[in-house]
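Each chain, letter by letter, is given below.
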Amino acid sequence: MQPLIHKYIPKTTKELIGQDDVVIQLRNFIVNFSKEKKNSALIYGSSGTGKTSCIYAIANELGFEVVEVNASEFRNAEQINLKVGNAIKQRSLFAKGKVILVDEIDGLSGHEDRGGIQAITKLIEDSAFPIILTATNPFDNKFSSLRSKSNIIEFKQLDYLSIFKILKRICEHEKIKYEEDILKALSRRAGGDARAAINDLQALAQDKKELTKESLEELADRNKTDNIMTALNKIFKTTDLKIAISAFDNVGEDLDEQLLWIDENLPKEYTKPEDLAKAYEMLSKADVFNRRIRRWQHYRFLVYINALITAGIASAKKEKYRQLVAYKPTGRILKLWWANQRLAKKKDIAGKIASKTHSSKKEILKSTMPYLPIIFRNKEMRNNVINYLDLNEEEVEWLKNKAK
Ligand SMILES: Nc1ncnc2c1ncn2[C@@H]1O[C@H](COP(=O)(O)OP(=O)(O)O)[C@@H](O)[C@H]1O
Ligand SMILES: [Mg+2]
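Residues numbered from 1 in each chain as written. Chains lettered and ligands numbered in written order. Predicted model: local features only at pLDDT ≥ 70, side-chain atom pairs only at ≥ 80, totals over all residues.

### Some details on the overall build of the protein chain
Within the protein chain one finds 19 helices and five strands. Here the C-alpha atoms of the protein chain give a radius of gyration of 29 Å, more than 25% beyond the 22 Å that 2.2 N^0.38 yields for 404 residues. Counting only C-alpha atoms, the protein chain reaches 95 × 55 × 45 Å along its principal axes. By residue count, 28% of the 404 residues in the protein chain fall in the buried class. Put simply, of all contacts in the protein chain between residues at least 6 apart along the chain, 74% involve residues at least 24 apart. (Helix = DSSP H or I, 4+ residues; strand = E, 2+ residues; numbered from the N terminus. Rg over C-alpha atoms; globule rule 2.2 N^0.38 Å. Buried ≥ 20, exposed ≤ 12 C-beta atoms within 10 Å, placed from the backbone. Contact = placed C-beta atoms within 7 Å.)

### A word on the site of ligand 1
Around ligand 1, the surrounding shell holds 20 residues, and the nearest of these are Gly 50, Lys 51, Thr 52, Ser 53 and Ala 194. A domain split of the shell around ligand 1 shows at least three residues from each of domain 1 (19–154) and domain 2 (160–224). (Near = placed C-beta within 6 Å. Domains from an automatic or database assignment.)

### Digging into the sheet that holds strand S5 (residues 150–154)
The five strands lie next to each other as S2-S3-S4-S1-S5, forming an open sheet whose pairing is parallel. Only two strands of the sheet have a single partner each, and these edge strands are strand S2 (65–70) and S5. With strand direction ignored, the average angle separating the axes of adjacent strands in the sheet is 25°. Note that S2 and strand S3 (residues 98–103) share six bridges and pair parallel. In the strand pairing of S3, Val 69 is matched with Val 102. Of the strands in this sheet, strand S1 (40–44), S3 and S5 touch helix H2 (residues 20–31), which is tilted by about 160° from S5. (Pairing = 2+ DSSP bridges. Axes fitted to C-alpha atoms, helices over the stretch in contact; angles between N-to-C directions.)

### Details of the domain arrangement of the protein chain
Domain annotation of the protein chain identifies domain 1 (19–154), domain 2 (160–224), domain 3 (227–330) and domain 4 (334–403). Computed from C-alpha atoms alone, the centre-to-centre distance between domain 2 and domain 4 is 39 Å.

### Some words on helix H5 (residues 114–126)
Helix length check: H5, at 13 residues, gives a terminal C-alpha distance of 19 Å against a target of 18 Å (1.5 Å per residue), a fit within 8%. Turning to H5, its buried residues number three or more, namely Gly 116, Ile 117, Ile 120, Leu 123 and Ile 124. Seen end-on, H5 carries its buried residues on one side only, within an arc spanning 115°. Across H5 from its buried face, at more than 90 degrees, point the exposed residues Arg 114, Gly 115 and Glu 125. (Expected span 1.5 Å × (residues − 1). Arc of directions from axis to C-beta.)

### Some details on the nonpolar core
With 36 residues, the main nonpolar core has Leu 26, Ile 43, Val 99, Ile 132 and Leu 133 as its most contacted residues. Elements supplying a minimum of two residues to this core: H2, S1, helix H3 (51–62), S3, H5 and strand S4 (131–135). Top element by residues in this core is H3. It accounts for five residues. Non-local contacts of Leu 26, meaning those with residues more than four positions away in its chain, are made with Ala 41, Ile 43, Cys 54, Ile 58 and Ile 153. Core analysis: the next-biggest nonpolar cluster, separate from the first, contains 23 residues, Ala 231, Ala 247, Leu 266 and Ala 286 among them. (Core = buried A, V, L, I, M, F, W, Y, C linked by C-beta atoms within 7 Å.)

### Quick look at the pairing of S4
The buried fraction of S4 amounts to five of the five residues, a majority that puts the element mostly inside the structure. Burial along S4 is two-sided: Ile 131, Leu 133 and Ala 135 facing one way and Ile 132 and Thr 134 facing the other are all buried. Where S1 lies against S4, five bridges are found, and the strand directions are parallel. Its bridge partner lying in S4, Ser 40 is registered against Ile 131. Where the polypeptide runs from S3 across H5 and back to S4, its parallel neighbour, the crossover connection is right-handed. (Right-handed = clockwise from strand over helix to strand, strands pointing away.)

Okay, here's the thing in structure tokens:
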């Protein structure tokens, strides 16, 4: 099955969505090359914004040839001369126009590749044709010489409506059925990366020729799981506390879920008893803080909890375990237990209302409970309710959370 990102490479600049300004800049640079002060353009921006496709689309429209050179080839001076040496030198009157593309220079590292970066700089100085470099992040010091020799052009992240437009076009060509809302949700999730969005669409809809709400939810779950697995891997495998402490930074899961995940997988990774004991000590302390937050809203404890379950657990082992462990989602039983805990509070409160109002608990759960959190948003009414029903701390806490 052909990847849709290949099938739908924009062939003309009209098909390139949301980058009109930069298309004009880049085309001007190529067309007016002989009058330009600088021989190269450095275009940068995050992945999947159309940097590479844009160059090919413009060249295609101008009838130019693209000579693409891999950045790593610059490590070898001879090889690079063979490939572009002649291409850059003569510029005959009748030959086809050319642009030289060095895609993704980020891979060149500062010290090892000093020669490579120099070779590109030299190429820029000597070239009779426009050179185009692309990068995700060109602001590293090692690229300063390349920056000063280039016109810098930024590719902005695509907004979700641009991505929506791209996906919609593909759905129509591929005869994929979709609801506009769901396709929009998919577009938002991609975070400005058209490549990721198209790949998601392909994974979810190509077989069934339909994009459903369910498949979107499936994808959300899968990504969440991927993220938390990466976080666990960082914590369990590293002894560098700086790496460990930021493990959960980009994980959307709430704290309870994080604790459950660690609890579930810790014994599989830490097989030495001393390590495991120390690690559980950290986890149990985190749990104590977690309860205090619930009870007293001491949210500053979150910082300690995070330190305990990341750096704390990472440092509990004497040395890294080499074996590979497949981390598992938290057990269903544990999850049910949590869900029940939460439900139990709700039932307790409903019970109190039922006995005050002489009605059934079941009835109150249905008719009154949904509105109670809303009532709780008003301070005066809240206090009245607390007094009237004689709610305890944990029940108040539960309702406050619901009211947020
Ligand atoms: N602005 C855009 N308009 C339409 N499609 C795009 C755009 N940007 C990216 N794409 C899609 O994503 C794929 C990857 O784009 P590419 O140009 O390789 O991105 P980059 O080089 O910025 O990582 C393309 O094949 C195309 O299908
Ligand atoms: Mg690219």
